[in-house]
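A closer look at the structure
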Protein chains: 2
Amino acid sequence: MKISAQEEYGLRCLLQLARAEGMGESLTLSQLSRLEGISTANAGKLMWILSKAGLVQSTRGTKGGYSLARPASEIRLNRVIRVLEGEPAESHCKSYAGVLDACVHTGDCGIRPVIVELHQIVDNALADITLSQLLGTEANVDAALHQIQGIRPKDNRV
Amino acid sequence: MKISAQEEYGLRCLLQLARAEGMGESLTLSQLSRLEGISTANAGKLMWILSKAGLVQSTRGTKGGYSLARPASEIRLNRVIRVLEGEPAESHCKSYAGVLDACVHTGDCGIRPVIVELHQIVDNALADITLSQLLGTEANVDAALHQIQGIRPKDNRV
DNA sequence: TCTAATCTTGACTTAAAAGTAAGGTATCGC
DNA sequence: GCGATACCTTACTTTTAAGTCAAGATTAGA
Ligand code: FES
Ligand code: FES
């Protein structure tokens, strides 16, 4: 249960775009790569993924670059992470079937709900955070997040 | 942000041990491998990790096998997952430094708190679940988990 | 004691993720 | 139009995680 490199760097680049957005500017791949200390090729790949998902907008040609497709306050982290983590993780019971054709826990299973709920918990937490909330100072961001964790909305209770 | 194969299979094996525990029995590697549809070699590796961390007890020789080191009701999932996910994930800013020596976000950083809090949220959720809670029917387990997600204890508020 | 069952351990192989390279296409300014 | 800038896309290489193998060590029971 850890964050992958792609998720991490993708999110960072997105944050850089959010910062630039405030000043009405867009960023090129080489700018992004310099800002985050990754190769331009890698930045390109990340941006391609994000743009395919409609999170960022790209402009070609000289004076081109990337910018957020929507205001930073409307981009929630759960969306970002889901896009960056690749495949939609097919139904769990098919991905982790061991050497067998199907999951050995047929029908009644205590594992499945744990995994599903766990992802739900993470998703809920991430859904409460927008890009714009991450632009302040570290202390402010930290404070804001603590609050969110406390005010949890409890969606799917009856 | 997804669960790894090792975490998944390790947890499943542990659950099988918890079931066997109820009947005062221990399980051998070949039994575990058959129950979970993985190779005995793989089961052996997982058990070694879990035993090294003190979560399971092993008995060698004929009539040997594995059993839980403590009652299922005292084993919390956060511990299990942390053990199975390998390295303690050194300070984040060192793991994801791109091509540079250190993290480019020096000092004031909006990313770090997100990652740290996120792991905290997951850990809190997992800490509320014990192995014994996962032994019931799928419907029961699901119901129990929903409750936990709602009653969240809010540890680190002031 | 001897043997069969069983765990232990490190090295090896394979599969997946991450990152890189290169050629292609669109846009701008002259 | 032409060249420079910058994104687009696919294929490849490297790195890391996952899984396997094989030789060694320990115990119960005949
Ligand atoms: S994890 Fe697939 S049925 Fe249990
Ligand atoms: S992630 Fe390391 S300083 Fe921001």
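Residues numbered from 1 in each chain as written. Chains lettered and ligands numbered in written order. Predicted model: local features only at pLDDT ≥ 70, side-chain atom pairs only at ≥ 80, totals over all residues. Heavy atoms only, no water.

Quick word on the pairing of strand β2 (residues 65-68) of chain B
Residue and element names in this part refer to chain B. Formally: One bridge is not enough; two strands pair if DSSP finds at least two bridges between them. Think of it this way: any DSSP run of H or I at least four residues long counts as a helix, any run of E at least two long counts as a strand, and we number them from the N terminus.
In the sheet, strand β1 (residues 56-59) pairs with β2 via four bridges, with the strands oriented antiparallel. Within β2, the residue paired with Thr59 across the bridge is Gly65. In sequence, β1 turns back onto β2 through a hairpin of five residues, with Gly61 there showing a positive phi of about 80°.

Here's the deal with unusual backbone geometry
Most peptide bonds take the trans configuration, and most residues that are not glycine carry a negative phi. All names here are of chain A. Selection rule: Exposed residues in this analysis have more than 50% of their type's maximum accessible area, buried residues have under 20%, and partly exposed residues fall in between, with area computed by a 1.4 Å probe over protein chains only.
A positive phi angle, close to 70°, is found at Lys63, a residue other than glycine. Within the secondary structure layout, Lys63 lies in the loop between β1 (56-59) and β2 (65-68). Taking relative accessible area as the criterion, Lys63 reaches 81% and is therefore assigned exposed.

A few points about the protein's contact with DNA strand D
For clarity, the cut-off: One heavy atom suffices: a residue is near a molecule or strand as soon as one of its heavy atoms comes within 4 Å of it. Any pair of N or O atoms that falls within 3.5 Å is considered a polar contact. Within protein, one atom must be able to donate a hydrogen and the other to accept it, and sequence-neighbouring residues count only if both atoms are side-chain atoms.
In the neighbourhood of DNA strand D, 24 residues make up the surrounding shell, with A:Trp48, A:Ser58, B:Ser39, B:Lys45 and B:Arg60 lying closest. When the atoms of DNA strand D within 4 Å of the protein are grouped by moiety, sugar and phosphate amount to 75% of the total. Between DNA strand D and the protein, one listed contact pairs a base oxygen with a backbone N or O atom of A:Thr62 at 3.1 Å. Side-chain polar atom of B:Arg60 to a sugar or linking oxygen of DNA strand D: 3.4 Å apart, as the coordinates give it.

Some points on the packing of helix α5 (residues 111-127) of chain A against helix α5 (residues 111-127) of chain B
Where we set the bar: Here an angle of 0 to 180 degrees is reported between the N-to-C directions of two axes, which are lines fitted to C-alpha atoms, with helices fitted over the stretch in contact. It is the rotation of the near helix from the far one that decides the hand of a crossing: anticlockwise by less than a right angle makes it left-handed, clockwise makes it right-handed. In what follows, a contact means two residues having at least one pair of non-hydrogen atoms within 4.5 Å. Each residue is assigned to one of three groups, with Ala, Val, Leu, Ile, Met, Phe, Trp, Tyr, Cys and Pro labelled nonpolar, Asp, Glu, Lys and Arg labelled charged, and all others, Gly among them, labelled polar.
At a minimum axis separation of 10 Å, α5(A) and α5(B) run at an interaxial angle of 145°. Crossing of α5(A) against α5(B): the hand is right-handed. Contact residues: A:Leu118, A:Ile121, A:Val122, A:Ala125 and A:Leu126 in α5(A); B:Leu118, B:Ile121, B:Val122, B:Ala125 and B:Leu126 in α5(B). When the residues that make up the contact of α5(A) with α5(B) are grouped by side-chain class, the tally is 10 nonpolar, no polar and no charged.

Considering the confidence of the model for chain A
Residue and element names in this part refer to chain A. Under the convention used in this document: The predictor attaches a confidence to each residue, called pLDDT, with possible values from 0 through 100.
With 84% of its residues at a pLDDT of 70 or more, chain A shows a mean pLDDT of 85. Considering each helix and strand of chain A separately, the mean pLDDT is smallest for helix α6 (residues 138-151), with a value of 78, and largest for helix α3 (residues 40-52), with 97. Here residues 153-158 is a poorly scored stretch, pLDDT under 50, and it has nine contacts once near neighbours within four places are set aside; other chains count.

Focus: the pattern of salt bridges
Residue and element names in this part refer to chain A. Put simply, the test is: Here, a salt bridge means any Lys or Arg side-chain nitrogen found within 4 Å of an Asp or Glu carboxyl oxygen.
Evaluated as defined, the whole model comprises eight salt bridges over all chains. Put simply, Asp123 and Arg82 hold a salt bridge, and the shortest N to O gap is 3.0 Å. With Asp123 in helix α5 and Arg82 in helix α4 (residues 77-84), this residue pair connects regions lying 41 residues apart in the sequence. Arg82 sits in the partly exposed class, given a relative accessible area of 46%.

Considering the side chain of A:Arg12
Structurally, the position occupied by A:Arg12 is in helix α1 (residues 5-22). At 2.8 Å, the side chain of A:Arg12 forms a polar contact with the side chain of A:Glu8.

Points about the protein's contact with DNA strand C
Close contacts around DNA strand C come from 24 residues, with A:Ser39, A:Lys45, A:Arg60, B:Trp48 and B:Ser58 the closest. Considering the 4 Å shell around the protein, atoms of DNA strand C inside it are sugar or phosphate in 75% of instances. One of the side-chain N or O atoms of A:Lys45 is found 2.6 Å from a base nitrogen in DNA strand C. Between DNA strand C and the protein, one listed contact pairs a sugar or linking oxygen with a side-chain N or O atom of B:Arg60 at 3.1 Å. Of all elements in the fold, only α1 and α3 of chain A together with β1 and β2 of chain B reach the threshold of two or more residues within the surface near DNA strand C. A per-element tally of the surface near DNA strand C places α1(A) first, with three residues. For the surface near DNA strand C, the class distribution of residues is six nonpolar, 13 polar and five charged.

Quick notes on helix α2 (residues 29-36) of chain A
Since the α-helix packs 3.6 residues into each turn, any two residues three or four apart lie on the same face. Residue and element names in this part refer to chain A. Heads up, the rule is: Note that the arc is defined by the directions from the helix axis to the C-beta atoms.
Inspection of α2 places Leu32, Ser33 and Glu36 among the buried residues, and these make up the whole buried set. An end-on view of α2 places all buried positions within 100° of arc, on one side of the element. Next to the buried residues of α2 lie α1 and α3. Measuring from the backbone nitrogen of Ser30 back to the side-chain oxygen at the start of α2 gives 3.1 Å, which picks out Thr28 as the cap. Remark: Gly37 follows α2 within two positions and exhibits a positive phi of approximately 70°.

What to know about the side chain of B:Glu7
Spelled out, the test is: Counted charges follow a simple rule, with Lys and Arg positive, Asp and Glu negative, and His plus the chain ends left uncounted.
Here B:Glu7 shows up in helix α1 (residues 5-22). Of the side chains with opposite charge, A:Lys2 lies nearest to the buried B:Glu7, which makes no salt bridge, at 7.0 Å. Within the structure, B:Glu7 has its side chain in polar contact with the backbone nitrogen of A:Met1 (distance 2.5 Å). Every residue in contact with B:Glu7, bar those within four places of it in the chain, is listed here: A:Met1, B:Lys2, B:Ile81, B:Leu84 and B:Glu85.

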